[in-house]
Amino acid sequence: MHEVSKQTIEAAQKHAQKSIEHSKEVQELGKSLQTNGQIEPEQKERIEAYGETMHEHAQKFQESAHRLTEDPSTDIYAEAVEECIKVNQAHIEAIKEFQKIELPA
């Protein structure tokens, strides 16, 4: 059975932590735009929802990355990578939604 290296495990754990932090930033972005009246309520809700989705998958990513410490199998690593992909997909959707906003000049 193949095992994931210690360096790869550490990188996955750091990346997962950054994903969690970034998901919170996306959620806060939606809240701050609404506060300033620069965004429609539906847009705010969608951006926040994408941030929440990012956060959920980032937590699963982090859990899988931490499980690698006990079981450095490629199966667990593949689970972590899948969750990372889902985080990135939600981030892309949040960016697309943000790009629809017409900010004042």
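Just so it is clear, the model here is predicted, and its values are computed rather than measured.

**Student:** Teacher, can you tell me more about the overall build of the chain here?
**Tutor:** Secondary structure summary: the chain contains 3 helices and 0 strands in total. Starting at the N terminus and walking to the C terminus, you meet the elements of the chain as α-α-α. Taken over C-alpha atoms, the radius of gyration comes to 16 Å for the chain, far larger than the 13 Å a tight globule of 105 residues would show. If you line up the chain on its principal axes, its C-alpha atoms span 55 × 20 × 15 Å.

**Student:** Please clarify how the pattern of salt bridges should be interpreted in this entry.
**Tutor:** Charged atoms that come close allow side chains of opposite charge to pair. Summed over all chains, the structure comprises 7 salt bridges. Taken together, the shared-partner salt bridges in this structure form one network comprising R46, E97 and K100.

**Student:** Would you take a moment to explain the packing of helix α2 (residues 41–70) against helix α3 (residues 74–99) for this structure?
**Tutor:** Describing two packed helices takes the angle between their axes plus the distance from one axis to the other. For the pair α2 and α3, interaxial distance at closest approach is 8 Å and the crossing angle is 165°. Judged on the interaxial angle alone, α3 and α2 are roughly antiparallel. Relative to α3, α2 is oriented so that their crossing is left-handed. Residue composition of the contact of α2 with α3, grouped by class: 15 nonpolar, 5 polar and 8 charged.

**Student:** What exactly am I supposed to notice about the nonpolar core here?
**Tutor:** What tends to happen in soluble globular proteins is that the nonpolar side chains get buried as a cluster. Core analysis: the largest hydrophobic core is formed by 11 residues, namely I20, V26, L33, I39, I47, M54, A58, V87, A90, A94 and I101. Elements that contribute at least two residues to this core include exactly α1 (6–35), α2 and α3.

**Student:** Explain the environment of H55 to me, please; I cannot follow it from the model alone.
**Tutor:** Considering the arrangement of structural elements, one finds H55 in helix α2. A residue is classified by how much of its surface remains accessible, and H55, at 17% relative accessible area, is buried. Residues H55 and E21 lie 34 residues apart in sequence; the distance between their C-alpha atoms is 8.3 Å. Beyond its immediate stretch of four places on either side in the chain, H55 contacts I20, S23 and K24.

**Student:** Just to check I follow, could you spell out the environment of I85 for this structure?
**Tutor:** Position of I85 among the secondary structure elements: in helix α3. Put simply, I85 and F61 are 24 residues apart on the chain and 9.3 Å apart in space, counted from C-alpha to C-alpha.

**Student:** Would you explain the environment of K14 in this entry?
**Tutor:** Here K14 lies in helix α1. Residue K14 is classed as exposed on the basis of its relative accessible area of 61%. Counting along the chain gives 51 residues from K14 to A65, while the straight-line C-alpha distance between them is 8.9 Å.

**Student:** Looking at this model, I keep getting lost on a negative patch on the surface. Mind explaining?
**Tutor:** The grouping of E3, E70, D71 and D75 at the surface amounts to a negative patch. Residue position: D75 is located in helix α3. Among the residues examined, D75 registers a relative accessible area of 56% and is labelled exposed.

The rules behind the values
Residues numbered from 1 in each chain as written. Predicted model: local features only at pLDDT ≥ 70, side-chain atom pairs only at ≥ 80, totals over all residues. Heavy atoms only, no water. Helix = DSSP H or I, 4+ residues; strand = E, 2+ residues; numbered from the N terminus. Rg over C-alpha atoms; globule rule 2.2 N^0.38 Å. Salt bridge = Lys/Arg side-chain N within 4 Å of Asp/Glu carboxyl O. Axes fitted to C-alpha atoms, helices over the stretch in contact; angles between N-to-C directions. Parallel < 35°, antiparallel > 145°, perpendicular 65-115°, else oblique. Left-handed = near helix turned anticlockwise from the far one by under 90°. Nonpolar A, V, L, I, M, F, W, Y, C, P; charged D, E, K, R; others polar. Core = buried A, V, L, I, M, F, W, Y, C linked by side-chain atoms within 4.5 Å. Buried < 20%, exposed > 50% of the residue type's maximum accessible area, 1.4 Å probe, protein only. Contact = heavy atoms within 4.5 Å. Patch = residues over 30% accessible without salt bridge, like charges linked within 9 Å, V, L, I, M, F, W, Y side chains within 5 Å. Areas by Shrake-Rupley, 256 points an atom, 1.4 Å probe, with all protein chains shown as cover. Lys, Arg positive; Asp, Glu negative; His and termini not counted. Charge placed at Lys NZ, Arg CZ, Asp CG, Glu CD.

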